[in-house]
Amino acid sequence: MIEASQLNAGELAALLHFHADAGVDFLLEDVGVDRFAEFAAAIAASAATRAPTQGAAPRERPQRPSQADAKPAPRPVSSTAVAIPGEEAVEMARRAAEAATSLAELKQAIENFEGCNLKASARNSVFPTEAGALPILILGATPSAEDDREGVAFSGVHGELLSKMFAAIGIDVTETTLAHSVPWRPPGGRPPTPSEAEICRPFAMRMIALAKPRFIVLLGNFTTRFFTGSTEAIHALRGQWFEIGTPPTEAIAMLHPQDLLTAPLSKRLAWMDLLAFEKRMNQSNA
């Protein structure tokens, strides 16, 4: 086995990126646990409890019911919700989203919605924050592991870096509206499937209509493609302006904080985009 000390910085970064893509977000133990030894000990303990004591009377074997009397065992009922597939689920989401007249009502609609499998595997539904003093909506893709645990968008290391990014141009992100395109974390942090994304789209579009931002920040690949329909990568789309929703709202594509953690050299690109965003805001306020 190759030790971490034998890897250079680039190899370590590639290894960490691989684990992140595989859904390994955090370590559960400070010290490694030998699961093979635990399993062997459990088998030995189980065998010891099953061994008959000396002189004990043999247990009578229960008689099997005759085939005529036998009844099929009831099938276990799964507690995991199963999403209604296809256009029916999308239509259910559309009706639920359109009925919301405020972000608070939209939050309740998302909490009550049972038409997406992602909700069954997520710990929490992650809602948009209430509209802040600044008319800016910052959108990520899906909740991180920290967001899923806390039920709050950008609550972990991504949120800390996001705060530093916007603080550099004088914007306090706590005064903006923070949200994700999809309110539930997919298993292992994988990207949502196209059908899952379409089910969540009505909630995202209604969120924009209710928050009424003057500007939208689209963070990362999935978010930018989700709202613009583009198939280009974020490095080709970053810094570009789009119009989203009805009435149209100006939106700029930027690198996600995770992109900067994975490739720190990209911070200079993020800085260029932040300056472009600041310039457009100043021109709008002039």
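Here, the structure is the one placed above.
Residues numbered from 1 in each chain as written. Predicted model: local features only at pLDDT ≥ 70, side-chain atom pairs only at ≥ 80, totals over all residues. Heavy atoms only, no water.

This part takes up the overall build of the chain. On a plain count of helices and strands, the chain comes out with 12 helices and five strands. The burial tally for the chain puts 36% of its 286 residues in the buried class. In the chain, of all internal contacts separated by at least 6 residues, the share reaching a separation of at least 24 is 73%. Working note: accessible area of the chain is about 17800 Å², and carbon and sulfur atoms make up 56% of it. (Helix = DSSP H or I, 4+ residues; strand = E, 2+ residues; numbered from the N terminus. Buried < 20%, exposed > 50% of the residue type's maximum accessible area, 1.4 Å probe, protein only. Contact = heavy atoms within 4.5 Å. Areas by Shrake-Rupley, 256 points an atom, 1.4 Å probe, with all protein chains shown as cover.)

Here the focus is the side chain of His-158. Position of His-158 relative to the elements: it lies in helix 7 (residues 157-167). Not counting residues within four places of it along the chain, the set of residues in contact with His-158 comprises Ser-144, His-256, Pro-257, Gln-258 and Leu-261.

On to the packing of helix 4 (residues 103-112) against helix 8 (residues 194-211). Axis separation between helix 4 and helix 8 bottoms out at 10 Å; the angle between their running directions is 165°. Classified by the angle their axes make, helix 4 and helix 8 are roughly antiparallel. The hand of the helix 4/helix 8 crossing is left-handed. Only Phe-203, Arg-206, Met-207, Leu-210 and Ala-211 of helix 8 make contact with helix 4, whose side of the interface consists of Leu-103, Leu-106, Ala-109 and Ile-110. Residue composition of the contact of helix 4 with helix 8, by class: eight nonpolar, no polar and one charged. (Axes fitted to C-alpha atoms, helices over the stretch in contact; angles between N-to-C directions. Parallel < 35°, antiparallel > 145°, perpendicular 65-115°, else oblique. Left-handed = near helix turned anticlockwise from the far one by under 90°. Nonpolar A, V, L, I, M, F, W, Y, C, P; charged D, E, K, R; others polar.)

Bringing the environment of Ser-181 into the picture now. Counting through the fold element by element, Ser-181 comes out in the loop between strand 2 (177-180) and helix 8. Between the C-alpha atom of Ser-181 and that of Leu-219, which follows or precedes it by 38 residues, the distance is 9.9 Å. Separated by 2.9 Å, the side chain of Ser-181 and the backbone oxygen of Gly-140 make a polar contact. (Polar contact = N/O pair within 3.5 Å; in protein donor to acceptor, adjacent residues only side chain to side chain.)

Note: strands within a sheet are paired through backbone hydrogen bonds, in either parallel or antiparallel orientation. Here five strands make up an open sheet; going across it, the order is 2-1-3-5-4 and the pairing mixed. The open sheet is flanked by strand 2 and strand 4 (241-244), the only strands paired with a single partner. For this sheet, the mean angle separating the axes of adjacent strands, direction not counted, is 30°. In the packing of helix 9 (residues 220-228) onto the sheet, the strands contacted are strand 1 (136-140), strand 3 (215-219), strand 4 and strand 5 (249-254), and the crossing angle to strand 3 comes to about 130°. (Pairing = 2+ DSSP bridges.)

According to the stated counting rule, one finds seven salt bridges in the structure shown. Arg-95 is the salt-bridge partner of Glu-91, the closest N and O atoms lying 3.7 Å from each other. Here Glu-91 pairs with Arg-95, and both are found in helix 3 (residues 86-99), just four residues apart, close to one helical turn. Here Glu-91 falls in the partly exposed class, since its relative accessible area comes to 31%. Measuring nitrogen to oxygen at the nearest pair gives 3.2 Å for the salt bridge that ties Glu-114 to Lys-119. Residue classification places Glu-114 among the partly exposed residues on the basis of a relative accessible area of 45%. Look at Lys-119 and you get buried, because its relative accessible area is 15%. Each of the salt bridges in this network shares a partner with another, and the network as a whole consists of Glu-91, Arg-94 and Arg-95. (Salt bridge = Lys/Arg side-chain N within 4 Å of Asp/Glu carboxyl O.)

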